[in-house]
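Chain and residue survey
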Amino acid sequence: MHTLTESLDNIRLLPLARPVAEVDPNAVVVSTGDCTLTYAELDSWSNRLARLLLGIGATANTRIAIAITDEIESVVAERAIVKIGATPAPITDDGSFALGTALGVTTKSQRGELTDAISWLVLDDRSTLQRYLAGSDAPLTSAEFALPKSA
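Here goes a summary of the coordinates provided. (Residues numbered from 1 in each chain as written. Predicted model: local features only at pLDDT ≥ 70, side-chain atom pairs only at ≥ 80, totals over all residues. Heavy atoms only, no water.)

Brief notes about the pattern of salt bridges
When the charged atoms of two side chains lie near each other, side chains of opposite charge can form a pair. A full pass over the atoms with the stated rule returns three salt bridges. The shortest N-O distance in the salt bridge between D116 and R111 comes to 2.6 Å. Assessed through its relative accessible area of 67%, D116 is described here as exposed. (Salt bridge = Lys/Arg side-chain N within 4 Å of Asp/Glu carboxyl O. Buried < 20%, exposed > 50% of the residue type's maximum accessible area, 1.4 Å probe, protein only.)

If you want it as structure tokens, here you go:
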């Protein structure tokens, strides 16, 4: 695994989220043995995932679990969560998540091992993939963060 992230013990720090216009869009953020992720791709993919998270009820105050072993998917999920102002909640050594974590992002291979106390968005589930691929990768707008007005 080769990444351009910094590591401090078990804490991973991603490069600061900056608009793609401020960095070389073709610069590599993460590279694995079979794939690389550029800033432009990270921006595009995380915009789509952020919209899915907003669509299932995530808000700026939501703590969202990340249970993904694939480095590229993990980076995209973390960036999407940060883009909507939510807090990423990685899995702890004992397999639990921070108190108050109600939503999570995972894959089929890991879903069976995870708690049902969290509502999981399974990235490689067919319906999720269909919504993801049909979604917009345009930059998020402030209108997308607006809460529905109560009747």
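Picking up after the structure, the text goes on.
A closer look at the nonpolar core
It is characteristic of soluble globular proteins that their nonpolar side chains tend to be buried jointly. By size, the foremost hydrophobic cluster in this structure holds 29 residues, and its most contacted members are L37, L49, L53, I64, I84 and V105. Those elements giving two or more residues to this core turn out to be β4 (28–31), α1 (39–55), β6 (63–67), α2 (71–83) and β8 (103–106). Examining the composition of this core, we find that seven residues originate from one element, α1, more than from any other. With residues up to four places along the chain from it excluded, the contact list for I64 reads L53, A58, I81, I84, A86, T87, P88, A89, T101, L103, G104 and V105. Grouped together as the second largest cluster of nonpolar side chains are seven residues, A67, L114, I118 and W120 included. (Core = buried A, V, L, I, M, F, W, Y, C linked by side-chain atoms within 4.5 Å. Helix = DSSP H or I, 4+ residues; strand = E, 2+ residues; numbered from the N terminus. Contact = heavy atoms within 4.5 Å.)

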